[in-house]
Amino acid sequence: MTTEQRKSWDANGYFILEGFADAATCDGMLARASELCRKDVAGESIGHSLVDPERNPWTDAVNPEDRVSKIFILHDWDPIFGPFARDKRLLDVISDLLGPDVDCFLSQFIFKNPSAIGQPWHQDSLYFPFEPDHQVGIWLAVTDATPVNGPLSVLPGSHREPVHEHVADQRPDANLGYTEIVDMDFADAQQVLMNAGDLLVFDSHLMHRSTDNLSDGARAAMVYHYAIAGTVDRTYARLREQSDAMGAMPDDIKESAAAGEQESPYHWMPVTRAGSPIE
Ligand SMILES: O=C(O)CCC(=O)C(=O)O
């Protein structure tokens, strides 16, 4: 990590690595995510990934992927998304932030098709009741993120805030789990416009949102979340205390929590130990 990146991390809670992934990598991810949607619709296996349909599907949708919002849990099995989670250049940056022993515990591909509405202001740590707190997320622009296709906005410096109360997103087309921070002044927010291949690295307390996709093409992104190895994951315990603590969660996750299972819905995968990548 450069001095400038470290400064931006400390002051703002994020930085951008421009041109991190090449066009072939981005195109390969989009093709693979589309293939997984088609397999899912055809009843074929897609490992343990979960497909989250878009609540406001594109009226011109033709293919299965045109109706999907996100595909979760790709980092620990998929032949395309798995290796990227362990990219050596990426792990060098993540290790600078989290130390020599790091796990990847969550990933999602986001299609953000035309007419998909944005995700309101939130902090990812709401969904991560872990100890220690403060995880590291990366958001790879798989397509360009332009002013009209639903780019992210961030509130610089908000990574120093505790996790705020999040209220349910009341919009009828809100996707699963969307919740919103309403007790913060977002006047200093900055829109993050990115070219395909640029990578945003951000603190899990950083407040961010995305806007609606008003364009006629998908605005795709691939997201991974990393934590220090040995992090204690209290997700199910938290859901047992308060079933809507993380917004509306899928029924099977709520059922697992209620059944008293100790495991969490996250898939913890070691990526570095003693500073060396795990193959
Ligand atoms: O890419 C988006 O539209 C929203 C992504 C986001 O906010 C998240 O993954 O936490």
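Now for a quick tour of the structure. (Residues numbered from 1 in each chain as written. Predicted model: local features only at pLDDT ≥ 70, side-chain atom pairs only at ≥ 80, totals over all residues.)

**Some points on the overall build of the protein**
Scanning the protein for helices and strands turns up 6 helices and 16 strands. A compact globule built from 279 residues should have a C-alpha radius of gyration of about 19 Å, and the protein, at 18 Å, falls within 12% of that. Across its three principal directions, the C-alpha atoms of the protein cover 45 × 45 × 45 Å. Taken over 279 residues, the protein has a buried fraction of 44%. For the protein, restricting intrachain contacts to residue pairs at least 6 apart in sequence, the fraction spanning at least 24 positions comes to 82%. (Helix = DSSP H or I, 4+ residues; strand = E, 2+ residues; numbered from the N terminus. Rg over C-alpha atoms; globule rule 2.2 N^0.38 Å. Buried ≥ 20, exposed ≤ 12 C-beta atoms within 10 Å, placed from the backbone. Contact = placed C-beta atoms within 7 Å.)

**Some remarks on the nonpolar core**
Among soluble globular proteins, nonpolar side chains are generally buried collectively. One finds Ile138, Leu140, Val142, Leu200 and Ala221 to be the most contacted residues of the largest nonpolar core, which totals 62 residues. For Ala221, the contacting residues outside a window of four places in its chain are Ile110, Trp139, Leu140, Ala141 and Val142. (Core = buried A, V, L, I, M, F, W, Y, C linked by C-beta atoms within 7 Å.)

**Describing unusual backbone geometry**
With omega at 0 degrees, the peptide bond leading from Glu131 into Pro132 counts as cis. Along the chain, Pro132 turns up in the loop between strand E5 (130-131) and strand E6 (136-141). Of note in the backbone geometry, Lys112 takes a positive phi value of approximately 50 degrees without being a glycine. For His134, which is not glycine, the phi dihedral falls at a positive 70 degrees. Taking the number of C-beta atoms within 10 Å as the measure of exposure, His134 has 17 and is therefore partly exposed.

**Some points on the pairing of strand E13 (residues 221-228)**
Judged by how many residues are buried, E13 sits mostly within the fold: 7 of 8 residues are covered. In this sheet, E13 lies alongside strand E4 (residues 102-110) in antiparallel orientation, the contact comprising 8 bridges. Residue pairing in the sheet places Val102 in a bridge with Ile228 of E13. (Pairing = 2+ DSSP bridges.)

**Re the site of the ligand**
Every residue lining the ligand is accounted for by Ile110, Lys112, Gly118, Gln119, Asp124, Gly150, His208, Ser210, Ala221 and Val223. Contributing elements (two or more residues each) for the shell around the ligand: strand E12 (208-210) and E13. Tallied by class, residues from the shell around the ligand come to 3 nonpolar, 5 polar and 2 charged. (Near = placed C-beta within 6 Å. Nonpolar A, V, L, I, M, F, W, Y, C, P; charged D, E, K, R; others polar.)

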